[in-house]
Amino acid sequence: MRKQFTFITILILICGSISFGQTATLGTATKSPGETVQIPLTVGGWTNVSAITLNIRWTKDVLTFTGITGAASGFSGYVVSHDDSTMFLTWTNTAMATFSGVLLNLNFVYNGVTSTPLHFLPSCSVSTGNSPPVPLAVTWTDGSVNANMTNAQTATLGNPTALTGSLVTVPLEYAGFAAYGSNVGSITQKIHFDASKLSFVNITSTGNLSGAIAFASNGVLTISWTSIDRKSTRLN
């Protein structure tokens, strides 16, 4: 009876070493609109790995995926694709490999202005061995890209109310740009709206933004403005 108990205990310890300790963690970053952002994917305990599936999602329009860099040694031959909100990656290697540390870096352009999670979808998986492959019990930890809220320069949309069928004016105000020496040369502003509820009519530009032009297409309003003499332009 004692020998049987000892044997069962050893089996539990062996299984525990396979099932626990595998991790995958996405980094976090704080950025301003238009800045590039690099998010590391750090892994631990990935031993004798033969197959990897990574599906990582973010908020549509907040980030633009630009590719992968800094792949770990041995992590080559992967296949990656993406749409406007999700990256899809697959990798297989019959020779198997062990990974610990940064597996890869995901690169984006942060479009702003809200924050977005970077989260692993349930379809993510990591397997070890080949005959047959055994899935690892990975602990997946999401990351995020957060809006930099400390900028002195701001663009603020108003929040008016309106009756159905009536005209509504939404103020757009800029502030804080004088801190750069009053030398604003041009502005391109894109604003998303629900085209099923709003129809764009026109803009009325005032002050130093006189002469701005705008057009709307598929729920995106684009406003463009160029200063004739940027040295005299102050937006505050």
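This text goes with the structure placed above it.
Residues numbered from 1 in each chain as written. Predicted model: local features only at pLDDT ≥ 70, side-chain atom pairs only at ≥ 80, totals over all residues. Heavy atoms only, no water.

Draft legend 1. Broad picture of the pairing of strand β16 (residues 220–226). Inspection of the sheet shows strand β14 (residues 186–192) paired to β16 by seven bridges, in the antiparallel sense. Residue pairing for β16: glutamine 189 is matched across the bridge by isoleucine 223. As judged from the five bridges shared by strand β15 (residues 213–217) and β16, these two strands associate in the antiparallel manner. In the strand pairing of β16, isoleucine 213 is matched with serine 224. Where β15 hands over to β16, the hairpin turn is made up of two residues, of which asparagine 218 adopts a positive phi near 55°. (Pairing = 2+ DSSP bridges. Helix = DSSP H or I, 4+ residues; strand = E, 2+ residues; numbered from the N terminus.)

Draft legend 2. A nonpolar patch on the surface, seen in detail. Together, Leu157, Val168, Val170 and Leu198 give the surface a local cluster of nonpolar side chains, amounting to about 310 Å² of exposed area. When you line up the elements, valine 168 lands in the loop between β12 (154–157) and β13 (172–175). (Patch = residues over 30% accessible without salt bridge, like charges linked within 9 Å, V, L, I, M, F, W, Y side chains within 5 Å. Areas by Shrake-Rupley, 256 points an atom, 1.4 Å probe, with all protein chains shown as cover. Salt bridge = Lys/Arg side-chain N within 4 Å of Asp/Glu carboxyl O.)

Draft legend 3. Structural detail: the pairing of strand β6 (residues 86–110). Sheet analysis places strand β3 (residues 36–57) next to β6, joined by 17 bridges and oriented antiparallel. If you follow valine 49 over to β6, its bridge partner there is alanine 97. As defined by bridge partners, strand β4 (residues 63–69) adjoins β6 across six bridges and the pair is classed as antiparallel. Considered in β6, the bridge of phenylalanine 65 is made with phenylalanine 108. Where strand β5 (residues 79–82) and β6 come together, four bridges link them in antiparallel fashion. The partner of valine 80 across the bridge, within β6, is leucine 89. Between the antiparallel neighbours β5 and β6 lie three residues.

Draft legend 4. Summary view of the packing of aromatic side chains. For the structure on display, the rule yields nine aromatic pairs. Here a set of aromatic residues connected by ring pairs shows up, and it is made of Phe75, Tyr78, Trp91 and Phe99. (Phe/Tyr/Trp six-rings, centres within 6.5 Å; stacked < 30°, edge-to-face > 60°.)

Draft legend 5. Representation of the nonpolar core in the model. With 36 residues, the main nonpolar core has Leu41, Trp46 and Phe99 as its most contacted residues. Of all the secondary structure elements, the ones that give two or more residues to this core are β1 (22–26), β3, β4, β6, β7 (116–120) and β11 (143–147). Looking at this core element by element, the count peaks at 10 residues for β6. Apart from the residues lying within four places of it in its own chain, the contact partners of tryptophan 46 are Gln22, Thr23, Ala24, Ile52, Ala97, Thr98, Phe99, Leu103, Val126, Leu136, Val138 and Trp140. Listed in part, the eight residues of the second largest apolar core include Tyr174, Ile191, Leu209 and Trp225. (Core = buried A, V, L, I, M, F, W, Y, C linked by side-chain atoms within 4.5 Å. Buried < 20%, exposed > 50% of the residue type's maximum accessible area, 1.4 Å probe, protein only. Contact = heavy atoms within 4.5 Å.)

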